[in-house]
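Examination of the molecular architecture
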Amino acid sequence: MIFTVTLNPAIDKTVTIDNFRIGDVNRITTSRIDAGGKGINVSRVINQLGGKSIALGILGKNGASTIQNALDISGIDHYFVLIDGDVRVNLKIIDCQNHTNTDINEAGISVSNEQLADIFDQIQVRMKPDDIVVLTGSLPPGTDPSLYRQWTEMLQRRGTRVFLDADRTPFQMGIESAPFFIKPNRFELEQLCHTTLPSLDHIIAEGKKLLNTGIKVILVSLGAEGALLLTEDQIIRVEGIRVKPQSTVGAGDAMLASFAISLEQHQSYLEAARLASAVSTAKVLCPGSNPPDPAVIRQLLTQTIVYDYSKRITLER
Ligand SMILES: Nc1ncnc2c1ncn2[C@@H]1O[C@H](COP(=O)(O)OP(=O)(O)OP(=O)(O)O)[C@@H](O)[C@H]1O
Ligand SMILES: O=P(O)(O)OC[C@@]1(O)O[C@H](CO)[C@@H](O)[C@@H]1O
């Protein structure tokens, strides 16, 4: 089973603004609302790929139904602790003229240690060894930034594989417990390593240092430039597929979701990387935080280029 944890969910409001200008009056041309938050996006993509997951987290009572309904309609199992307050609304500004996506994310609402413990208990009673627990997204304001580190350590001691995708201090501290899988984008990896990573070789050098700490799989996503997968004995390069994106919101979540399903099904890292590339690229062709269309994924799978980077040999499709 795959468990996704979203401690700070969001309602994503995606708006398009032509030629968005800071410090000026901007006019919205289209607007849409989606259930958001990284773990929730992961569960929705897993469902779209025909897999199963349980989505867990904490939701403000005001706005909770937007998220619960989206999960119910898709038949996704979920467990959310409801608390007083509003689900945060994250604004995603898409400027098709200048080809930019700007995120303006609210902080969210504070949660108590009891509410956090409730979620952790729910995972513990349901999980079995070899299950995957996806810890992803920002923590609610005031939460101990070492929470992902503590949870990763306790969950992996029980034999589950933790997939961690966050940023700033919670991510920095989380990797100290050597999660099985991490998916930083280039900027997040640079934050982790306190250095700029201008080339693939720089990324590989820093990635290897992280693998030496016990992390098993690092999938570095590079936006339109594709991704790089690092394990103890493989470096796989996935080239970007050229498309005209509608919304890149949740592209990283789609990539992680696809990878989690592939590993649950014991596919090779090569196949997992290939599918993750097609799924995440299909995601950017969807509006808002919508999960990708399976027909588009199938079509993009024929365009993926994946190769063993160390040998520079293109692998058979
Ligand atoms: N503009 C794009 N064109 C084609 N593919 C893209 C584009 N942006 C993202 N992707 C695909 O999605 C994957 C993940 O994207 P990205 O590196 O932006 O993740 P991220 O920064 O974690 O995203 P987010 O935080 O918005 O979920 C990329 O590796 C690529 O396969
Ligand atoms: O503020 P966080 O928790 O870091 O990120 C939240 C968020 O930007 O991530 C998802 C896309 O990955 C969106 O659905 C959501 O709004």
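Refer to the structure printed above.
Please read all numbers here as calculations on a predicted model, not as lab measurements. (Residues numbered from 1 in each chain as written. Chains lettered and ligands numbered in written order. Predicted model: local features only at pLDDT ≥ 70, side-chain atom pairs only at ≥ 80, totals over all residues. Heavy atoms only, no water.)

Our next topic: the site of ligand 2. What surrounds ligand 2 is a group of 14 residues, the closest being Asp12, Asn90, Lys92, Ser138 and Asp253. A distance of 3.0 Å separates an oxygen atom of ligand 2 from a polar atom in the side chain of Asn41. In the environment of ligand 2, an oxygen atom lies 2.7 Å from a nitrogen or oxygen atom belonging to the side chain of Ser138. Compared with its free state, where it exposes 400 Å², ligand 2 has 91% of that area covered by protein. Broken down by secondary-structure element, the contributors of at least two residues to the shell around ligand 2 are α1 (38-48) and β6 (88-95). (Near = heavy atom within 4 Å. Polar contact = N/O pair within 3.5 Å; in protein donor to acceptor, adjacent residues only side chain to side chain. Areas by Shrake-Rupley, 256 points an atom, 1.4 Å probe, with all protein chains shown as cover. Helix = DSSP H or I, 4+ residues; strand = E, 2+ residues; numbered from the N terminus.)

A word on the sheet that holds strand β7 (residues 100-104). Pairing within the open sheet is mixed, and its 4 strands lie in the order β3-β2-β6-β7. Where the open sheet ends on each side, the last strands, each with one partner, are β3 (30-36) and β7. Across this sheet, the average inter-strand angle for adjacent strands is 20°, counted without regard to direction. Summarising the sheet, strand β2 (residues 10-16) and β3 pair through 7 bridges and their orientation is antiparallel. Residue pairing in the sheet places Asp12 in a bridge with Asp34 of β3. Packed onto the sheet, helix α2 (residues 64-73) meets β2 and β3 and runs at close to 75° relative to β3. (Pairing = 2+ DSSP bridges. Axes fitted to C-alpha atoms, helices over the stretch in contact; angles between N-to-C directions. Contact = heavy atoms within 4.5 Å.)

To continue, consider the site of ligand 1. Around ligand 1, the surrounding shell holds 20 residues, and the nearest of these are Asn185, Ser221, Gly223, Gly226 and Ser280. Within the side chain of Lys183, one N or O atom sits 3.0 Å away from an oxygen atom of ligand 1. Here an oxygen atom of ligand 1 sits 2.8 Å away from a polar atom, N or O, in the side chain of Ser221. Considering ligand 1 on its own, with 630 Å² of exposed area, one finds that the protein chains cover 85% of that surface. Listed by contribution, the elements that provide at least two residues to the shell around ligand 1 are α8 (251-264) and α9 (269-284). Element by element, the count of residues in the shell around ligand 1 is highest for α8, at 4 residues. Residues that form the shell around ligand 1 fall into these classes: 8 nonpolar, 9 polar and 3 charged. (Nonpolar A, V, L, I, M, F, W, Y, C, P; charged D, E, K, R; others polar.)

The next subject is α2. Of the positions making up α2, those classed as buried are Ala64, Ile67, Gln68, Ala70 and Leu71. Angular distribution of buried residues about the axis of α2 spans 160°; they occupy a single face of the element. (Buried < 20%, exposed > 50% of the residue type's maximum accessible area, 1.4 Å probe, protein only. Arc of directions from axis to C-beta.)

Close contact between α9 and helix α10 (residues 294-301) brings their axes to 8 Å; oriented N to C, the two are set at 130°. Taken together, the axis directions place α9 and α10 in an arrangement best described as oblique. Considering the relative orientation of α9 and α10, their crossing is right-handed. On α10, the residues that touch Arg274, Leu275, Ala278, Val279, Thr281 and Ala282 of α9 are Val296, Ile297, Leu300 and Leu301. (Parallel < 35°, antiparallel > 145°, perpendicular 65-115°, else oblique. Left-handed = near helix turned anticlockwise from the far one by under 90°.)

Now for the pairing of strand β4 (residues 53-62). For β4, the tally of buried residues reaches 8 of 10 residues, placing the bulk of the element in the interior. Looking at chain direction, strand β1 (residues 2-6) and β4 are connected through 5 bridges and run parallel. From the neighbouring strand, Val5 faces β4, where its bridge partner is Leu56. Pairing of β4 with strand β5 (residues 77-86), which is carried by 8 bridges, proceeds in the parallel orientation.

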